[in-house]
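Structure assessment
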Amino acid sequence: MSERPVLVLGATSGIARAVATELAKDGRPLYLAGRDLPELWRVASDLKIRYGVDVNVGVFDAEDTKSHEAFLQNVVNRTGSLGGAVLAVGYLGDQAECEADPQLAQAVIARNYAGVASILLYLAKHFEETRTGFLVGISSVAGDRGRYSNYVYGSAKAGLTALLQGLRSRLQKVGVTVLTVKPGFVDTAMTYGKEGMFKVATPEQVAKRIVKAVRRRKDVIYVPKFWRWIMFVVRSIPEKHFKKMKF
Amino acid sequence: MLPTKPPQTRIKGLSGWGRYPRTDQTVERPEKASQLGLHDGTSLARGQGRSYGDAALNSDGHVILTERLNRFLEFDSETGMLKVEAGATLKEILDAMVPKGWFLPVTPGTKFSSVGGCVAADVHGKNHHVDGSFGEHVASLDMVLADGSRVTCSPTELSDVFWATVGGMGLTGIIESATFKMQPIETAYVKVKHRKAGNLDTAFNVLDDDKYDDRYSVCWIDCLARGSKMGRSVLITGHHASRAEVPLMSHAPLELKEKRVKTFKRDWPRFVLNPWTIRMFNGRYYRREGRRGEFRTDYDSFFYPLDRFNDWNKMYGKRGFVQYQFVVPRDQAREGIRKAIDMLSKSRRASFLAVLKRMGPPSQGMLSFPMDGYTLALDIPLTNDLTDFLKKLDEVVLQHKGRVYLAKDSRVPAETFRKMYPRLDEFLAVKRSVDPHNRFTSDMAKRLEIAP
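Report follows, based on the coordinates. (Residues numbered from 1 in each chain as written. Chains lettered and ligands numbered in written order. Predicted model: local features only at pLDDT ≥ 70, side-chain atom pairs only at ≥ 80, totals over all residues. Heavy atoms only, no water.)

**Here we look at the packing of aromatic side chains**
All names here are of chain B.
- Summed over the entire model, instances satisfying the criterion amount to 20 aromatic pairs over all chains.
- Arranged with centres 5.1 Å apart and planes meeting at 35 degrees, the rings of Phe103 and Phe303 form a pair that is tilted. Residue Phe103 is found in strand S7 (residues 102-103), and its partner Phe303 is found in helix H7 (residues 299-303); the two are separated by 200 residues along the sequence.
- Pairwise contacts between aromatic rings join Phe103, Tyr216, Tyr299, Phe302, Phe303 and Tyr304 into one cluster. (Phe/Tyr/Trp six-rings, centres within 6.5 Å; stacked < 30°, edge-to-face > 60°. Helix = DSSP H or I, 4+ residues; strand = E, 2+ residues; numbered from the N terminus.)

**Overview of unusual backbone geometry**
- Along the chain, Val223(A) connects to Pro224(A) via a cis peptide bond; the corresponding omega equals -15 degrees.
- One can find Pro224(A) in the loop between strand S7 (220-223) and helix H8 (227-236).
- At the junction of Tyr20(B) and Pro21(B), the peptide bond is cis and its omega measures out at -5 degrees in the coordinates.
- A positive phi angle, near 65 degrees, is found at Arg19(B), a position not held by glycine.
- With respect to the helices and strands, Arg19(B) occurs in the loop between strand S1 (9-15) and strand S2 (22-28).
- Of note, the phi angle at Leu158(B) is positive, near 45 degrees, even though the residue is not glycine.

**Side note on a positive patch on the surface**
Residues and elements named next belong to chain B.
- A contiguous patch of positive charge, built from Lys196, Lys229, Arg284, Arg287, Arg288 and Arg291, is present on the exposed surface.
- A per-element tally of the positive patch places helix H6 (residues 275-290) first, with three residues.
- Assignment of secondary structure puts Arg291 in the loop between H6 and strand S16 (294-298).
- A relative accessible area of 62% places Arg291 in the exposed class. (Patch = residues over 30% accessible without salt bridge, like charges linked within 9 Å, V, L, I, M, F, W, Y side chains within 5 Å. Areas by Shrake-Rupley, 256 points an atom, 1.4 Å probe, with all protein chains shown as cover. Salt bridge = Lys/Arg side-chain N within 4 Å of Asp/Glu carboxyl O. Lys, Arg positive; Asp, Glu negative; His and termini not counted. Charge placed at Lys NZ, Arg CZ, Asp CG, Glu CD. Buried < 20%, exposed > 50% of the residue type's maximum accessible area, 1.4 Å probe, protein only.)

**Thoughts on a nonpolar patch on the surface**
All names here are of chain A.
- On the surface, Leu37, Trp41 and Val59 cluster together into a nonpolar patch covering about 270 Å² of accessible area.
- Its place among the elements puts Leu37 in helix H2 (residues 37-51).
- Residue classification places Leu37 among the partly exposed positions, given a relative accessible area of 30%.

None of this, on its own, says anything about what the molecule does.
So, in structure tokens, the structure goes:
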């Protein structure tokens, strides 16, 4: 890996902070972006003091797509061209609330897909120019099939997964890896206190897998690994039965 | 715009490190500093749950886990001043700071406790007689108070809140972050000396004698030895080794290899630790460790021998154990501690972690444990008749003007507590001013009737 900085979007999330920590341990300079600036500063000083790496922070709002071009330009102006980017923007909306209020569903889709797609496309342009680096997108197992209990969030994540697939074949020509991460249950604020969790992975375990997968130029990983098999089964259930299932 | 979600709660069975009492708690775990705050009803911050009893439980209200708020916020490499969020553990601090040449000013016997917990219990270490308690090295605390306000307190600013919070068992508010001064070290090693003391009198003589003293000193006692050998012990002293004292490793004197950690997966059956096996262990330890003389070891082995075993509390079986630690003033020490050890050895209660330590002048913490004198810490396996025995110990402690350590307590009655902590009224005056409606409480506070 080169010593160019890695941009982490949605850097205050549990998984993102863990990934940033793993990268900092390797001595990678970082640029942390998100909406909550005071919180970003806390994560940044933590990484600076513990691992002695250079960390910049900046405000990034996924839904404000008009700002994305200028945002990325500003990042590059401040730190030079990027060595990689990790996208960890996500919001697990409540399905029942989304059904009651389609406006809310719209916002969930905007946060998880529309806004994310916009910045990813700008990032793709950047990496096409620099012809080096990696792109990590945190999608979800929820995107593998539209399920009764979770299809609004799932559909946005399905869109993200498809977009990352497309970007992968576009960027492989210039030697840039695109990694799609599909987490199952990870022990973060998103899942804390939720019913029906099992074999929950820690953010640190997930982050270690992600950094290793980038190094090995993997395309898609499920974390924990066994989710690949669970989702294989879920995908292979015929639709005429699947539509009657309530999970 | 999407609403920002407040942290979710869950119901979780929790206990202290002594594994008793254990009850279901309503728990939340914020990941952002701005989410740290109060709930309807009562709240209590909990770090790593390393206090032994009911100090970090709040059965009728909320428990706020601080473990994800563990970030290092500021570090001045000139002065060693470090500011961290209260959820940071001592282990995290050591891992980051020892390679830079800095060590904790004061450390308890485990590195798995949180900084918030160290302040709330005003913990002490082997260097109390020289350096005082943890709270005395804290420059300032950022806190969330009962009215939701965020304040900074220090020995000079809101000093009454500060000294009520140091040792205050989390009852004045939530500690968000703490700033304290690290001490410079030249190596990650400790120069240690072991000496045998054949009985309790000799042990006291050695502990009192400055000739034998060092920065860190502590005395391991064989509580099962009786008669003329009663109180036979191994005096353990040490100081951070200078660069000259570790010539062989001078290329990287601050680096340590990561040690392998063993985990107790299962509770040991009760018969494993019985007076007979512990007597064997104690005798062996006394003979082997007593003659080791002078040697060098790494800081991990010196300060945290038990941390090498995850969940070592399972050793005491399902029923668990009770930690009993008390301190008595200097002029009462020989008599008071002799009585306690005598009671233990007569009742054949097996304690294989009995530690005697000299303490220096107390901090200004209103509910802080340390006082100028001697402290004895005991691990006692839980048995049916233990309650009565500990009551008798309480009486001995009271009679000699001492007190028990709240961080290790789960059973002292409110009335006894009040006699042991004469500055309680001062504490309650502060509590009334910052938390008049008792929004911060714990199972311990309820038991000890600490309320405005």
